[in-house]
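# Descriptive structure summary
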Amino acid sequence: MPKILQLGSYDKNIGDNIALFNIRDAMECTRPKDRDVIEWLNLDLSAFHQKKNDIEFSIQVFKELQEKHEPSMLLIGGGGLFEEQLSFESNWKLPFTKDVLKEIKIPIVVFSVGINYFYNFPELDQKAIQEMMNLHSASALFSLRNDGSGEIFDNMCGLNFEELPDPGLVFARTNNIKEKRDTVFPSRGLYQPAWNNSVVQKMGRRYTDENLEFLRKICLNHELEFFCHTLKDYNHVYSRRSPHVIPKKLFSLVCEFKNILRATDLYHEYDYSVALRGHGQLIPIGINLPSLYLSTQPKIIQFALKNGFEDYTVDIREKDWFETLNEKIKLLKNDKNFLNEWYSIRDQVLPVYKYQMVDFCKKTWELL
């Protein structure tokens, strides 16, 4: 039986949980008939972060995991794991340095990871870029998600990589897909916020008092219900006064990785969504839930431009973003052509995403 260590962020972010699960589901759906079912081993990033990615600690973790469990592979993903973290010894969110990678004796697969940048926030510095290149060299397969991460990586180092859909875009089983609707209105809509505790990040997202008041009006005017993906999202201004898909007191339970299919099912109770978070943009497309996207982070607008959803995306940096978003919500609810065009774009890109996902899974199986 093959064993895979899957490194990612567990039990904290519904979007990350779905991405982690969808990789496993895709691998199972592409499993060769003569191969055993995979035993998955959770490797939570928080264990490293608690030690600030201490190099000696990280070396010991991988040494002990290999000795105790004898895994067949280390799989990294999904999520936006390539991110600046100057306070960590590795200088980035991941615990990998050249010395740590030397201790890993099994194949490494980087599975559709994103480079997670924010407006008005530090990007990967030269040390982190070098560690990313070291990871690339140590990997048997290396892929980045199709949200502009590839272009950033190419400009940094020009190394080869495969471009894949974020796993949140591809649900292997059809029971997770919503049926197409002829009309959205009358409807129940979701508001999928994105909140950061960092003042610098909030300013980068253009969360001024004026813009937050506009967001409040959007939610009130269209009776949108908050679908928080992280505990931080409950700190969103006006969140306490709004209805929630998941009450805050139940969030930790729903956000456990083992309960992720229940969290996915919640999307099926709604008719459309307005998303500010990356996975809030991607998961509805995968599920076939008509959606609009307010870009408060570069990856949202970059994904839209690369994948055909630009008419369904509004950039908060635009002067008239509030009026534009408000009008697009009205169109999605009342204009059949606008709704059908969203479905048409989604139906064009999903077969490509599925092919890319299946192909990469087959390559991963060849390494086991």
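Reference entry: report on the structure contained in this document. Note that the structure is a prediction, hence the values are computed from the model and not measured. (Residues numbered from 1 in each chain as written. Predicted model: local features only at pLDDT ≥ 70, side-chain atom pairs only at ≥ 80, totals over all residues. Heavy atoms only, no water.)

### Thoughts on the overall build of the protein
The helix and strand tally for the protein stands at 14 helices and twelve strands. Computed over the C-alpha atoms, the radius of gyration of the protein is 20 Å, within 12% of the 21 Å expected from 2.2 N^0.38 for a compact globule of 368 residues. Along the three orthogonal principal directions, the C-alpha set of the protein runs to about 60 × 45 × 40 Å. Residues counted as buried form 58% of the 368 residues belonging to the protein. Element-wise, carbon and sulfur atoms account for 48% of the exposed surface of the protein, whose accessible area totals about 15,700 Å². (Helix = DSSP H or I, 4+ residues; strand = E, 2+ residues; numbered from the N terminus. Rg over C-alpha atoms; globule rule 2.2 N^0.38 Å. Buried < 20%, exposed > 50% of the residue type's maximum accessible area, 1.4 Å probe, protein only. Areas by Shrake-Rupley, 256 points an atom, 1.4 Å probe, with all protein chains shown as cover.)

### As for the sheet that holds strand β10 (residues 272-275)
What the five strands build is an open sheet, ordered β9-β8-β10-β11-β12; its pairing is parallel. The open sheet terminates on both sides in strands that have one partner only, identified here as β9 (225-226) and β12 (313-315). Of the strand pairs in this sheet, strand β11 (residues 291-295) and β12 are connected by three bridges, and their pairing is parallel. In the strand pairing of β12, Tyr-293 is matched with Thr-313. Most of the contacts of helix α13 (residues 321-334) go to β11, to which it runs at about 170°, and overall it touches β10, β11 and β12. (Pairing = 2+ DSSP bridges. Contact = heavy atoms within 4.5 Å. Axes fitted to C-alpha atoms, helices over the stretch in contact; angles between N-to-C directions.)

### What to know about α13
Taking 1.5 Å of rise per residue, 14 residues should cover 20 Å, and α13 covers 20 Å from first to last C-alpha, within 8% of that figure. For α13, the set of buried residues is Trp-321, Phe-322, Leu-325, Asn-326, Lys-328, Ile-329, Leu-332 and Lys-333. For α13, the buried positions fall inside an angular range of 160° around the axis, keeping them on one side. Buried residues along α13 sit in contact with α8 (209-221), β10, β11, β12 and α14 (336-366). (Expected span 1.5 Å × (residues − 1). Arc of directions from axis to C-beta.)

### A word on the packing of aromatic side chains
Counted according to the given criterion, the structure contains 22 aromatic pairs. Look at Phe-214 and Trp-321: their rings are 5.9 Å apart centre to centre, the planes differ by 75°, and that puts the pair in the edge-to-face class. Taken as a pair, Phe-214 in helix α8 and Trp-321 in helix α13 lie far apart in primary sequence, 107 residues in all. Grouping residues by exposure puts Phe-214 and Trp-321 together as buried. With 4.7 Å between their ring centres and 50° between their planes, Phe-227 and Tyr-267 make a pair best called tilted. In this pair, Phe-227 sits in the loop between β9 and α9 (248-254) while Tyr-267 sits in the loop between α10 (260-266) and β10, placing the two residues 40 residues apart along the sequence. The same class applies to Phe-227 as to Tyr-267, namely buried. (Phe/Tyr/Trp six-rings, centres within 6.5 Å; stacked < 30°, edge-to-face > 60°.)

### Here we look at the pattern of salt bridges
On inspection of all chains with the given rule, the structure shows 18 salt bridges. Lys-306 is the salt-bridge partner of Glu-163, the closest N and O atoms lying 3.3 Å from each other. With Glu-163 in strand β7 (residues 162-164) and Lys-306 in helix α12 (residues 298-307), this residue pair connects regions lying 143 residues apart in the sequence. According to the relative accessible area criterion, Glu-163 is partly exposed, its value standing at 32%. (Salt bridge = Lys/Arg side-chain N within 4 Å of Asp/Glu carboxyl O.)

### A short note on the packing of α13 against α14
A pair of packed helices is characterised by two quantities: the angle between their axes and the separation of those axes. At a closest axis distance of 6 Å, the pairing of α13 and α14 adopts a crossing angle of 90°. It follows that α13 is roughly perpendicular to α14 by the angle criterion. Each of Lys-328, Leu-331, Leu-332 and Asn-334 in α13 lies in contact with α14, whose residues at this interface are Lys-336, Phe-338 and Leu-339. Its residues placed into classes, the contact of α13 with α14 shows four nonpolar, one polar and two charged. (Parallel < 35°, antiparallel > 145°, perpendicular 65-115°, else oblique. Nonpolar A, V, L, I, M, F, W, Y, C, P; charged D, E, K, R; others polar.)

### Comments concerning the nonpolar core
Ile-14, Phe-111, Ile-246, Phe-309, Trp-321 and Leu-325 are the most contacted members of the largest nonpolar core, which totals 79 residues. With twelve residues, the single largest contributor to this core is α14. Setting aside residues up to four positions removed in sequence, Phe-309 forms contacts with Ile-285, Tyr-293, Phe-303, Ala-304, Trp-342, Ile-345, Arg-346 and Val-349. Membership of the second largest hydrophobic core comes to 35 residues, among which are Phe-62, Leu-65, Ile-76 and Phe-82. (Core = buried A, V, L, I, M, F, W, Y, C linked by side-chain atoms within 4.5 Å.)

### Structural notes on helix α6 (residues 149-157)
Ser-149, Gly-150 and Phe-153 are the residues of α6 that are buried. In an axial view of α6, the angular spread of the buried residues amounts to 95°, which keeps them on one side of the axis. Of the surrounding secondary structure, the elements contacted by the buried residues of α6 are β5 (108-115), α5 (126-138) and β6 (141-145). Just past α6, the residue Gly-158 takes up positive phi, approximately 70°.

### Things to note about the pairing of strand β1 (residues 3-8)
Here β1 lies mainly inside the structure; five of its six residues are buried. Chirality of the crossover, the property in question, places the unit of β1, helix α1 (residues 14-29) and strand β2 (residues 39-44) among those that are right-handed. With four bridges connecting them, β1 and strand β3 (residues 73-76) associate as parallel partners. When the sheet's bridge partners are listed, Gln-6 is paired in β3 with Leu-75. (Right-handed = clockwise from strand over helix to strand, strands pointing away.)

### Quick word on the side chain of Glu-225
Among the secondary structure elements, Glu-225 is positioned in strand β9. Setting aside residues up to four positions removed in sequence, Glu-225 forms contacts with Arg-188, Gly-189, Leu-190, Tyr-191, Pro-243, Val-245 and Tyr-270.

### As for the environment of Glu-210
Note on placement: Glu-210 falls in helix α8. Accessibility expressed as a relative area gives 53% for Glu-210, which makes it exposed. Sequence separation between Glu-210 and Tyr-10 is 200 residues, and the spatial gap between their C-alpha atoms is 34 Å.

Just distances and angles here, no functional claims.
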